[in-house]
Amino acid sequence: MVKAPDTLERADNSQGVRCRMVAASLSGKAVGQPVMRVDGIAKVTGRALYAGDVDLPDLLSGRCLRSPHPSARIVSINVGKAKALPGVRSVLTGADVPDTCYGRMCKDIPVLAKGVVRFVGEKVAAVAADTVEIAEAALELIDVEYAELPAVFSAEEAMRPTAPIIHPEAVEFVPGAAASIHGELSMYPPIPNVISRLRVRHGDAASALASAHKIFEHSFAVPSVHQGYIEPHTCLVAIGRDGLVDVWVANKGPHIARTHMAAAIGVQENRIRFNPVAIGGDFGGKGSLMDTLVCYYLARAAGRPVRMVMNSFEELTAGNPRHSASITLRTAVDPDARLLAIDARVIFNAGAYGGFVPVPTLHGGYGELAGAYRVPNCAIEVLRVYTNTVPCGHMRAPGAPQVTFAVESHIDMIAHALGLDPVEMRRRNAIAEGDLTPLGEKRRHLRCRETIDAGARAFGWDKPKSPGIGRGMSTYEHPPGNFGLSTVALTIGIDGRITLTLGSPDTGTGFHTIAAQLVAEHFAVSVDEVEIAQGDTLSSGFEAGASGQRLTTTIGQAIAAAADRMKQDLAALAAERLNCAPSDIGIGADGSFSAPGAMIDRRTLMGWAAERGKAPLTCQGENTPGRHSDRTSFVAHFAEVAVDRETGQVRLRRIVTAHDVGTVVNPITHQGQIEGGLIQAVGQAMSEQIVLKDGAVITAHLGDYKLPTAMDIAELETILLPGGGGTAPFSTTAIGEMSNVALPAAITNAVFDAVGVRLVELPISAEKVLEGLRAQASAA
Amino acid sequence: MVPFTYLEPASLDEALALLAEHGEDAKLIAGGTGLVNLMKQRLVRPDFVIGLRAIRALAGISEKDGLRIGALATIQSLEVSELVRRHAPLLAEACGHVATVRVRSMATLGGAMAHGDPNLDTPPALIAMDGQIVARTRRGERTIPVDRFFTGYFGTVLERDEIVTELLIPKQPAGSGTAFLKFLPATQDDYATVSVATRIALGADGTIREARVALGAAAMVPVRARMVEAALSGKASDEKTLGDAAPLVVDAIDPIADFRGSAEYKREMAVVHVRRALVEAAAKAKEAR
Ligand SMILES: Cc1cc2nc3c(=O)[nH]c(=O)nc-3n(C[C@H](O)[C@H](O)[C@H](O)COP(=O)(O)OP(=O)(O)OC[C@H]3O[C@@H](n4cnc5c(N)ncnc54)[C@H](O)[C@@H]3O)c2cc1C
């Protein structure tokens, strides 16, 4: 079934965004409008307050001494000379901080190394001094004697019986974190260095594979990459005379971070205040505490506030990058190229600590192992493994980009092996209305085929092409997140203006603007009448923070609940004022209240209410966290490349990205997520890679860790298929993780189409392509 | 970064005096794009940093028996200069390939030479144009051909107390064409995997009178491929002849393996790009005739 072109909305980048999808029920004032960022002017004029901008009297600078060894025993540390340096206010080693370890899934991370170091870059000692320069000079005066121990860097080697055990002692779990939605999860199963193993079965993959017409098996590898945010990890801790711990930190989930910090330092949650700050990019990487605990202990020891900013070297060598992964897929197909069974095994290299690795119960990583295809039988095994490398963390759809690269390459390889067009292969197997996902989940409003067709048509999939030009595609499906608690407060002032207080920062996605639009829509007012107040963790209700494409859904539901309550309260006030029953009150398109034959605007009503002590009026709202929504988003990417046969160089010429969407709350931020995600994916396909040598990261600056630049970006066309079903109240679907996950496979599939070279490891490099061409020539 | 004292002499003599006075403890700074990175990585730790910016005599581009380029001329100014485009298009082209506009507007040509980094784009261009470096100490002045200026990885013939004052580009031979190729297979903002600058001058009969081939990112220093040049002298300028000479470049280079490719790959890419650059230069030379 193919949609007529006139039902498609196109956003053509060369001419700016041109898509508006205002459903008839919307006011036309807020949701669906290209509203400017509510924090935009503050950010471009430099007025926005980032953690690094906070200044306090007597503020000190903190720096850490880091381990040069991937695995070693600390024989001795001598800090005498560092302490004696003028301007140094406190020096700490592992001996000066409590023994408690911290983490989100399991508590295995020490504040400072205690007796052993487990990766190059691990914090061994810390200094707070009057200036960064003095602190750095002091670090050079610290003598550490190490006794090197055997180390292991690859996950596969770490699982061997002879491998050194990186955490021989028992590790404490965080209650609840090890519960599983699907399948069987075991923490620390009896395999060396394995943190967790998840096994998910649906149907009977073993029998289906045993009796299949054809079986294909391929293995893939995806490297670790950095989130690439502009603002480095930054924190500032001040301990008040009354003992209140004030924290300013670039963190995407202040309430959760506060909880982890409270547990780690043994201070009550309500004696810690995380203050609101702007965040200079997150992409998932700003969820851990990073230096916050060291900063706290330095501040405590010095009796003065301390700020710590990771420099770019520390970011690239000791941040919390995405996991590298190796993936093996074995798939059975029938004579019609229909997928019958997938057996998948994924090994994620977690690095030296598991405290902030993505919780394996989250959907990311295993839910995508059979793609958005009808696969009746699945057997999935996911392992997360300790190695003596940088501990990994979250990054934009944790697990999904690695796994989707494998799945979408694998499907393409099967199509080519069967002599089938890759688009047809995907059309034939894509889930459609009524189908279950490979894990047996229900989805509604599925339009995978329609989206593939719309993209293929705009791309010109079937058009003739010159030699050396290749075309490839890939797909990805994922619902918005509907997990975790969101609590908001709406206040309507005596001037009738509305303030939303929420606990989530805007990590740079434009979420505060979205929130303002959602509020405005409920009251049919323009966004200018809504104020966003990001509360600190004492003054705002609990908020689980930005992750898993959840904020628009969960905070959207919380806003809806608060707005409903407020409308009832306002209707009661209006009824009192207009002498009628609350049920007779209607809200007008201009945000006013009307009863039969009477009308009152909000400002007048609130002024009247204020005189009676009934304004300002505040209502709380919260969401009902559930599992993932049964509504989903689907994307099909198409890429065209040119390959130079003499050098192996791949040039990305053109991308078409087709999205099945619900209501687009803000076409500018929506398109921003699409373009930003695609550019991030171009980097991960073509150039980005954290490279290790003997366990140490050697891509230690941006001259060697290559992010794409404006000159590397291809022509882009966005196709939106509006009208897809979304989640309440405004039928929205997710976009934040839809653009970055699947694109790399579309590009490598295009390389194969161009020159017949199959790349099963990212990133693409000209040299690898040339090697492939050579191998081809010598085989011929 | 380690603290240092910044000095800003107003004249060349003053700068030479300061350099002589502080010796090993001092470093000159021009655009700072190279030095500051080395200081941040603590590979260089000068107590005194001597800024050249205020020295008027080091600025400017003029035409006199070819081009005279002040050491402080920025890469950006060279990329867009009418004089450079007319008399040394190869240099303008190479400058256009240097990093980004932000780096180009800070980095200087004198700094690019004195830095001694074999991965830069401008040294091979200057070598292919028979460029020379004028350097001064308190004892006097000397002129050094660019292809004899570099001694090793980040090493040059400059003395500790010597300042690069000017770059000279002689009048380019009649009937010559040039080409600059920077091979960037990963991102467009990067140092070259290999870069090639060529100049071909054709005689009246259409044969090659003289060829120049220089490479960046191909060895510990920017190199000149004299074997290729010699093999082409007096030969026809057809693609076959040019292509047959290109493989001789491997004897002139000794690339190191890094994130931009293995040594073997870089050798192969040097051959491919020398051929392509020769073909392009020959075509331009034919047009110029
Ligand atoms: C991110 C980035 C990317 C880059 N990419 C490229 C690229 O792709 N291609 C390219 O060609 N270049 C590139 N560069 C520029 C190159 O690496 C050098 O930084 C630059 O050429 C140095 O020029 P400068 O004027 O900034 O020198 P400075 O940093 O000021 O000095 C460099 C060295 O030269 C000495 N020096 C400077 N001037 C003189 C003088 N007149 N006499 C004697 N000694 C002197 C200094 O003491 C120092 O040792 C890049 C730079 C950066 C920062």
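Conventions used here
- Residues numbered from 1 in each chain as written.
- Chains lettered and ligands numbered in written order.
- Predicted model: local features only at pLDDT ≥ 70, side-chain atom pairs only at ≥ 80, totals over all residues.
- Heavy atoms only, no water.
- Helix = DSSP H or I, 4+ residues; strand = E, 2+ residues; numbered from the N terminus.
- Rg over C-alpha atoms; globule rule 2.2 N^0.38 Å.
- Buried < 20%, exposed > 50% of the residue type's maximum accessible area, 1.4 Å probe, protein only.
- Contact = heavy atoms within 4.5 Å.
- Areas by Shrake-Rupley, 256 points an atom, 1.4 Å probe, with all protein chains shown as cover.
- Domains from an automatic or database assignment.
- Pairing = 2+ DSSP bridges.
- Axes fitted to C-alpha atoms, helices over the stretch in contact; angles between N-to-C directions.
- Buried area = accessible area lost by both parts, 1.4 Å probe.
- Salt bridge = Lys/Arg side-chain N within 4 Å of Asp/Glu carboxyl O.
- Parallel < 35°, antiparallel > 145°, perpendicular 65-115°, else oblique.
- Nonpolar A, V, L, I, M, F, W, Y, C, P; charged D, E, K, R; others polar.
- Core = buried A, V, L, I, M, F, W, Y, C linked by side-chain atoms within 4.5 Å.
- Arc of directions from axis to C-beta.
- Polar contact = N/O pair within 3.5 Å; in protein donor to acceptor, adjacent residues only side chain to side chain.

Topic: the overall build of chain A
Alright, step 1. From N to C terminus, chain A includes 17 helices and 34 strands.
Alright, step 2. Against the 2.2 N^0.38 benchmark of 28 Å for 780 residues, chain A shows a C-alpha radius of gyration of 27 Å, consistent with a compact globule.
Alright, step 3. Summarising its shape, the C-alpha atoms of chain A cover approximately 90 × 75 × 45 Å along the three principal directions.
Alright, step 4. Burial analysis of chain A (780 residues in total) assigns 62% to the buried set.
Alright, step 5. Considering only residue pairs separated by 6 or more positions, chain A has 79% of its internal contacts joining residues 24 or more positions apart.
Alright, step 6. Accessible surface, chain A: about 28,000 Å² in total, of which carbon and sulfur atoms supply 53%.

Considering the domain arrangement of chain B
Alright, step 1. With domains assigned, chain B is organised as domain 1 (5-51), domain 2 (56-170) and domain 3 (180-288).
Alright, step 2. Computed from C-alpha atoms alone, the centre-to-centre distance between domain 1 of chain B and domain 3 of chain B is 36 Å.

Let's talk about the sheet that holds strand β10 (residues 143-148) of chain A
All names here are of chain A.
Alright, step 1. The 3 strands are arranged β8-β3-β10 in an open sheet whose pairing can be described as antiparallel. Because the sheet does not close on itself, it has two edges, and the strands there are β8 (116-117) and β10.
Alright, step 2. Relative to β10, strand β3 (residues 72-78) runs antiparallel, the two sharing 6 bridges. When the bridges of β10 are listed, R73 appears paired with A147.

What about the sheet that holds strand β2 (residues 60-66) of chain A?
Residue and element names in this part refer to chain A.
Alright, step 1. One open sheet holds the 7 strands; their spatial order is β4-β9-β2-β18-β15-β16-β17, and the pairing between them is mixed. For this open sheet the edge positions go to β4 (88-93) and β17 (272-275), each flanked by a neighbour on one side alone. Pairs of neighbouring strands in the sheet enclose a mean axial angle of 20 degrees, with direction left out of account.
Alright, step 2. Note that strand β15 (residues 234-239) and strand β18 (residues 306-309) share 4 bridges and pair antiparallel. Note on β18: the bridge partner recorded for T234 is V309.

As for the interface of chain B and chain A
Many structure descriptions define interface size as the accessible area lost when the parts assemble.
Alright, step 1. Contacts between the two partners involve 24 residues from chain B and, on the opposite side, 24 residues from chain A.
Alright, step 2. Across the chain B to chain A interface the summed buried area is about 1,900 Å²; carbon plus sulfur atoms make up 48%.
Alright, step 3. Here chain B is connected to chain A by 9 salt bridges.
Alright, step 4. Across the pair D644 of chain A and R276 of chain B runs a salt bridge whose closest N-O atoms are separated by 3.0 Å.

Section: the environment of P744 of chain A
Residue and element names in this part refer to chain A.
Alright, step 1. Among the secondary structure elements, P744 is positioned in helix α16 (residues 743-755).
Alright, step 2. With a relative accessible area of 5%, P744 lands in the buried category.
Alright, step 3. A sequence separation of 258 residues divides P744 from S486, and the C-alpha atoms of the two residues are 33 Å apart.

Side note on the side chain of T451 of chain A
All names here are of chain A.
Alright, step 1. Secondary-structure assignment places T451 in helix α11 (residues 448-459).
Alright, step 2. Classification of T451 as buried rests on a relative accessible area of 0%.
Alright, step 3. Once residues lying within four places of it in the same chain are set aside, the contact partners of T451 are F634, A636, A658, H659, D660 and L721.

A word on the packing of helix α13 (residues 551-578) of chain A against helix α14 (residues 602-611) of chain A
Residues and elements named next belong to chain A.
Alright, step 1. Between α13 and α14, whose axes approach to 10 Å, the crossing angle comes to 80 degrees. With respect to each other, α13 and α14 are oriented roughly perpendicular. For the pair formed by α13 and α14, the contact residues are L570, L573, A574, E576 and R577 on the first element and L605, M606, W608 and A609 on the second.
Alright, step 2. Tallied by class, the residues present in the contact of α13 with α14 amount to 7 nonpolar, no polar and 2 charged.

Regarding the nonpolar core
Alright, step 1. Ranked by size, the top nonpolar core spans 110 residues in total, and within it L91, M113, I200 and L215 of chain B carry the most contacts.
Alright, step 2. With 11 residues, helix α11 (residues 263-288) of chain B is the largest single contributor of residues to this core.
Alright, step 3. When neighbours within four sequence positions are excluded, I200 of chain B is seen to be in contact with G175, S176, G177, I208, E210, A211, L242, L278, A281, A282 and A285 of chain B.
Alright, step 4. Within the second largest apolar cluster, 54 residues are counted, among which are V152, L185, F348 and A406 of chain A.

Topic: α14 of chain A
Residues and elements named next belong to chain A.
Alright, step 1. Among all positions in α14, only R602, L605, M606, W608 and A609 are buried. Buried residues of α14, viewed axially, fall in a sector of 160 degrees; they line one side. Looking at α14, the residues exposed on the side facing more than 90 degrees away from the buried face are R603 and E611.
Alright, step 2. Where α14 is buried, its residues touch β23 (487-492), α13, β27 (593-595), β28 (598-600) and β29 (617-622).
Alright, step 3. The opening residue of α14, the one whose side-chain oxygen lies 3.1 Å from the backbone nitrogen of R603, is D601.
Alright, step 4. G613 sits one or two residues past α14 and shows a positive phi near 70 degrees.

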